[in-house]
Amino acid sequence: MTTFDLIFKYTLIFSLAALVVGFIVYIIKHQITTKIDCTTVQVTDDMDGHDFEYWCADLLKRSGFSDVVVTSASKDQGGDILATYNDLLYVFQCKRVSKKVGNHAVQEVVSARIYYEADVAVVITNNTFTPSAIELAESADVDLWDEATLENLLYKVVNHVV
């Protein structure tokens, strides 16, 4: 084996090792950001929107939803999560925000319900909703899950009530 062959071989080995380490770091980070280990939604305060979607997906799985899928961010058509519960297809629009959620989130999930042919449309937030969003959601048959709803669901998951 020539010196060139040895250098090539070890370069390939180190490149693969770096790739594996990078993948492991990604998996560990993903597990940390989606871990349900607290009984308050305030744990989401330091998350970005993407991490909040995965946190919500994990909460849904632990709450008895099945076939939980976080959609592609660039092509979600207004739906961040798809999930099944009691043979009904749910589409969720997730909003991790510092102010009340307005009409736009309701409009997005209505579009997603049509696009994905879902039975139930839900907007989830770590905050609350504007009166206008509540009014629109009622007329469009959209469920609104605010911070209090998430706290209740989280309590049930942590205390094994579901």
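Look up: the structure comes first, before these words.
Here's what I pulled together on the structure shown here. (Residues numbered from 1 in each chain as written. Predicted model: local features only at pLDDT ≥ 70, side-chain atom pairs only at ≥ 80, totals over all residues. Heavy atoms only, no water.)

**As for the nonpolar core**
Grouped together as the largest cluster of nonpolar side chains are 23 residues, with contacts concentrated most on Trp55, Phe65, Ile81, Phe92, Ile124 and Trp145. Going through the elements one at a time, α2 (49-62), β1 (66-70), β2 (81-85), β3 (88-95), β4 (120-125) and α5 (147-158) are the ones with two or more residues in this core. Broken down by element, this core gets its largest block of residues, six residues, from α2. Setting aside anything within four residues of it in sequence, one finds tryptophan 145 in contact with Leu60, Phe65, Phe92, Val122, Val123, Ile124, Thr125, Phe129 and Leu153. Counting residues in hydrophobic clusters, the runner-up holds 16 residues, among them Val91, Ala118, Ala121 and Val123. (Core = buried A, V, L, I, M, F, W, Y, C linked by side-chain atoms within 4.5 Å. Buried < 20%, exposed > 50% of the residue type's maximum accessible area, 1.4 Å probe, protein only. Helix = DSSP H or I, 4+ residues; strand = E, 2+ residues; numbered from the N terminus. Contact = heavy atoms within 4.5 Å.)

**Overview of the pattern of salt bridges**
Taken as a whole, this structure holds two salt bridges when the rule is applied. Taking the shortest distance from any N to any O, the salt bridge between arginine 62 and aspartate 58 comes out at 3.1 Å. Of this pair, arginine 62 and aspartate 58 both sit in helix α2, four residues apart, roughly one helical turn. What makes arginine 62 partly exposed here is its relative accessible area of 42%. With a closest N to O distance of 3.2 Å, glutamate 108 and lysine 95 form a salt bridge. With glutamate 108 in helix α3 (residues 103-116) and lysine 95 in strand β3, this residue pair connects regions lying 13 residues apart in the sequence. The class for lysine 95 is partly exposed, based on a relative accessible area of 22%. (Salt bridge = Lys/Arg side-chain N within 4 Å of Asp/Glu carboxyl O.)

**Thoughts on the pairing of β2**
Buried residues dominate β2, accounting for four of its five residues. Here three bridges tie β1 to β2, and the two strands are oriented antiparallel to one another. Bridge pairing links valine 69 to leucine 82 in β2. With five bridges joining them, β2 and β3 adopt antiparallel strand pairing. Bridged to tyrosine 85 within β3 is leucine 88. Connecting β2 to the next strand, β3, in antiparallel fashion are two residues, including asparagine 86 with a positive phi near 50°. (Pairing = 2+ DSSP bridges.)

**Looking at the pairing of β4**
In terms of burial, β4 is a largely internal element, six of the six residues being buried. Across the two faces of β4 the burial is the same, with Val120, Val122 and Ile124 and Ala121, Val123 and Thr125 all buried. The parallel pair β3 and β4 is bridged by α3, and the resulting crossover is right-handed. Here four bridges tie β4 to strand β5 (residues 142-145), and the two strands are oriented parallel to one another. The partner of alanine 121 across the bridge, within β5, is valine 142. Crossover β4 to β5 through helix α4 (residues 131-140) is right-handed. (Right-handed = clockwise from strand over helix to strand, strands pointing away.)

**Quick word on the packing of α2 against α5**
In the contact formed by α2 and α5, the axes pass within 10 Å of each other and the chain directions differ by 50°. If you check the angle between α2 and α5, you find them oblique. Read as a crossing pair, α2 and α5 show a hand that is left-handed. Residues Phe52, Trp55, Leu59 and Arg62 of α2 form the contact with α5, whose participating residues are Leu150, Leu153, Leu154 and Val157. (Axes fitted to C-alpha atoms, helices over the stretch in contact; angles between N-to-C directions. Parallel < 35°, antiparallel > 145°, perpendicular 65-115°, else oblique. Left-handed = near helix turned anticlockwise from the far one by under 90°.)

Keep in mind that these numbers describe shape and distance, not what the molecule does.
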